[in-house]
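# Analysis of the macromolecular model
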There are 2 protein chains.
Amino acid sequence: MLPIAVAEFNTRGYDATSMEDLARAAGITKSSFYNHVSGKEGLLRAGLERALDRLFAILEERQAQEGAALDRLRYIIEQQVRVLMDELPYVTLLLRVRGNTDVERWAVARRRAFDATIASLVAEAVDNGEMSSDTDPWLSARLLSGTVNSLIEWYRPGRSGTEQLPKRIVAMVSDGFVRPA
Amino acid sequence: MLPIAVAEFNTRGYDATSMEDLARAAGITKSSFYNHVSGKEGLLRAGLERALDRLFAILEERQAQEGAALDRLRYIIEQQVRVLMDELPYVTLLLRVRGNTDVERWAVARRRAFDATIASLVAEAVDNGEMSSDTDPWLSARLLSGTVNSLIEWYRPGRSGTEQLPKRIVAMVSDGFVRPA
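Starting from 1, residues in each chain are numbered consecutively following that chain's sequence as written. Chain A is the first chain written and ligand 1 is the first ligand written, with later ones labelled in order. Restriction of local features to residues with pLDDT of at least 70 applies here, the model being predicted, together with a cutoff of 80 or more for giving and counting side-chain atom pairs; totals for whole chains, interfaces and linings are based on all residues. The side-chain quantities take in all heavy atoms of the structure and omit both hydrogens and water.

- Under the annotation held in an unreviewed UniProt entry, chain A carries the name TetR/AcrR family transcriptional regulator and is attributed to Pseudonocardia spirodelae.

Below, the structure is given as structure tokens:
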């Protein structure tokens, strides 16, 4: 049921999706739909949790915890791209949430906490002299997040050459993507 | 009326905003609201046009038309950031449009045309040897657009230091934003 609901939320927008829409998409009656799920908000929360759990799990991995700050940062970016690719509908849902309800505000706060971890890792890399001292950690973290998250706008599974995408994106944010010859 | 409607669309989502919501936000009755505007879709179109007209106007400027491809590209990126900052609610509306109606599909097509111009400019810079030959113009253009457009998530007018933002972002996409010391 969750994949169907998340697809509907992404197509129609969460607020504009009714329980009738969800039941219709699932191909069952509204009353039998209510036997499966307690309501729209529970489905939203489950969808958001799936994306957030995968993203936060990256931060617990050994390569995200040990080693030079810049290497950890690059590892996290690479894995973040992988999670976006693997969990595209769930991350799409997460990134479109605006904070209109308690569940949405909770998800926005978790997203911000993730981004804050990235920003503090950039700051650590700058402090350690691993990154250029004129780096603004806050701005770098925002642009990183914007670049990586923009994948939801154009990435579609199954295209050829996408296995290299995570590493290529790490290279592009590292070296620039309007790079003079 | 347009700024009020666009703010409502951005807060609630276009589909979830009713004419009653718009009239309430404008502080007038629904019937007198109908005397001012023909409908929700006209307001959506006007809001989207405002953003698109500003973006496409950049491409007509002399610095976007003359000179080396890489310089033109950088000029366009800088001006694109300026338009986002100046027209934040309108560009936000444009970037959240999903293509559920004719007006939305028209806006999505115009956005794609703008991005295609950027991609062909990247390709031209690569062909001319101005940019590294291992650049993938399509991917570079997508990431550029993602980075620049992510401003709508965090840029808020009036913060100090924002005058330098357009030039700083051009520098960051050029040199990388996870740049080793």
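There is more to say, and it comes next.
## Topic: helix α11 (residues 165-175) of chain B
- Buried within α11(B) we find B:Leu165, B:Pro166, B:Ile169, B:Val170, B:Met172, B:Val173 and B:Ser174.
- Any two residues having at least one pair of non-hydrogen atoms within 4.5 Å are treated as being in contact. Secondary structure follows DSSP: runs of H or I at least 4 residues long count as helices, runs of E at least 2 residues long count as strands, and numbering of each begins at the N terminus. On the buried face of α11(B), the contacting elements are α9 (137-149) and α11 (165-175) of chain A together with α6 (69-86), α9 (137-149) and α10 (151-154) of chain B.
- A positive backbone phi angle near 100 degrees is found at B:Gly176, which sits one or two residues after α11(B). The buried label goes to any residue with under 20% of its type's maximum accessible area, the exposed label to any with over 50%, and the partly exposed label to all in between, with areas taken from a 1.4 Å probe on protein chains only.

## Structural notes on the packing of helix α4 (residues 40-60) of chain B against α6(B)
All names here are of chain B.
- Axis lines are fitted to C-alpha atoms, over the contacting stretch for helices. Their N-to-C directions set the angle, which ranges from 0 to 180 degrees. Taken N-terminus to C-terminus, the directions of α4 and α6 make an angle of 155 degrees; their axes are 10 Å apart at the nearest point. When the interaxial angle is binned, α4 and α6 end up roughly antiparallel. Crossing angle aside, the handedness with which α4 passes α6 is right-handed. Residues Arg54, Leu55, Ile58 and Leu59 of α4 touch α6, and the partners they reach there are Ile76, Gln79, Gln80, Val83 and Asp86.
- The class makeup of the residues in the contact of α4 with α6 is five nonpolar, two polar and two charged. Angular relationships are summarised with four words: roughly parallel below 35 degrees, roughly antiparallel beyond 145, roughly perpendicular across 65 to 115, and oblique for the angles in between. Definitions for this section: a left-handed crossing has its near helix turned counterclockwise from the far helix by less than a right angle. A right-handed crossing has that turn clockwise. Under the scheme applied, nonpolar residues are Ala, Val, Leu, Ile, Met, Phe, Trp, Tyr, Cys and Pro; charged residues are Asp, Glu, Lys and Arg; polar residues are all the others, including Gly.

## What about the environment of B:Ile152?
Residues and elements named next belong to chain B.
- Tracing the sequence through the fold places Ile152 in helix α10.
- Spatially, the C-alpha atom of Ile152 lies 6.6 Å from that of Leu88, the residues being 64 residues apart in sequence.
- Discounting residues that sit within four places of it in the chain, Ile152 has contacts with Leu84, Leu88, Val91, Thr92 and Leu95.

## So, the UniProt feature "domain: HTH tetR-type" (unreviewed entry) in chain A
- UniProt positions are given in the numbering used here, feature names are shortened, and annotations may be inferred rather than shown by experiment. Taken from the UniProt record, the annotation "domain: HTH tetR-type" (unreviewed entry) applies to residues 1-55 of chain A.
- Secondary structure over residues 1-55 of chain A splits into 76% helix and 0% strand, and the C-alpha atoms at its two ends are 22 Å apart.

## Points about the packing of aromatic side chains
- Paired rings are identified among Phe, Tyr and Trp, the last through its six-membered ring, by centres lying within 6.5 Å, and are further divided according to the angle between planes into stacked (under 30 degrees), edge-to-face (over 60) and tilted (the rest). If you walk through the whole model with that rule in mind, you get seven aromatic pairs over all chains.
- On the numbers, 5.3 Å between centres and 85 degrees between planes, the contact of A:Trp154 with B:Trp138 is edge-to-face. In this pair, A:Trp154 sits in helix α10 (residues 151-154) while B:Trp138 sits in helix α9, so the two residues belong to two different chains.
- By relative accessible area, B:Trp138 is classed as partly exposed at 36%.
- Between A:Phe177 and B:Phe177 the ring centres are 6.1 Å apart and the planes differ by 85 degrees, which places this aromatic pair in the edge-to-face class. Taken together, the residues span two chains, with A:Phe177 in the segment after α11 and B:Phe177 in the segment after α11.
- Classification of B:Phe177 as buried rests on a relative accessible area of 2%.
- Throughout this description, the term charge over a ring refers to an Arg CZ or Lys NZ atom that lies within 6 Å of the ring centre and within 35 degrees of the ring normal. Cation over ring: A:Arg45 sits above A:Trp106, and NZ or CZ is 4.5 Å from the ring centre.
- Looking at B:Arg110, its charged tip hangs above the ring of B:Phe56, at a distance of 4.0 Å from the centre.

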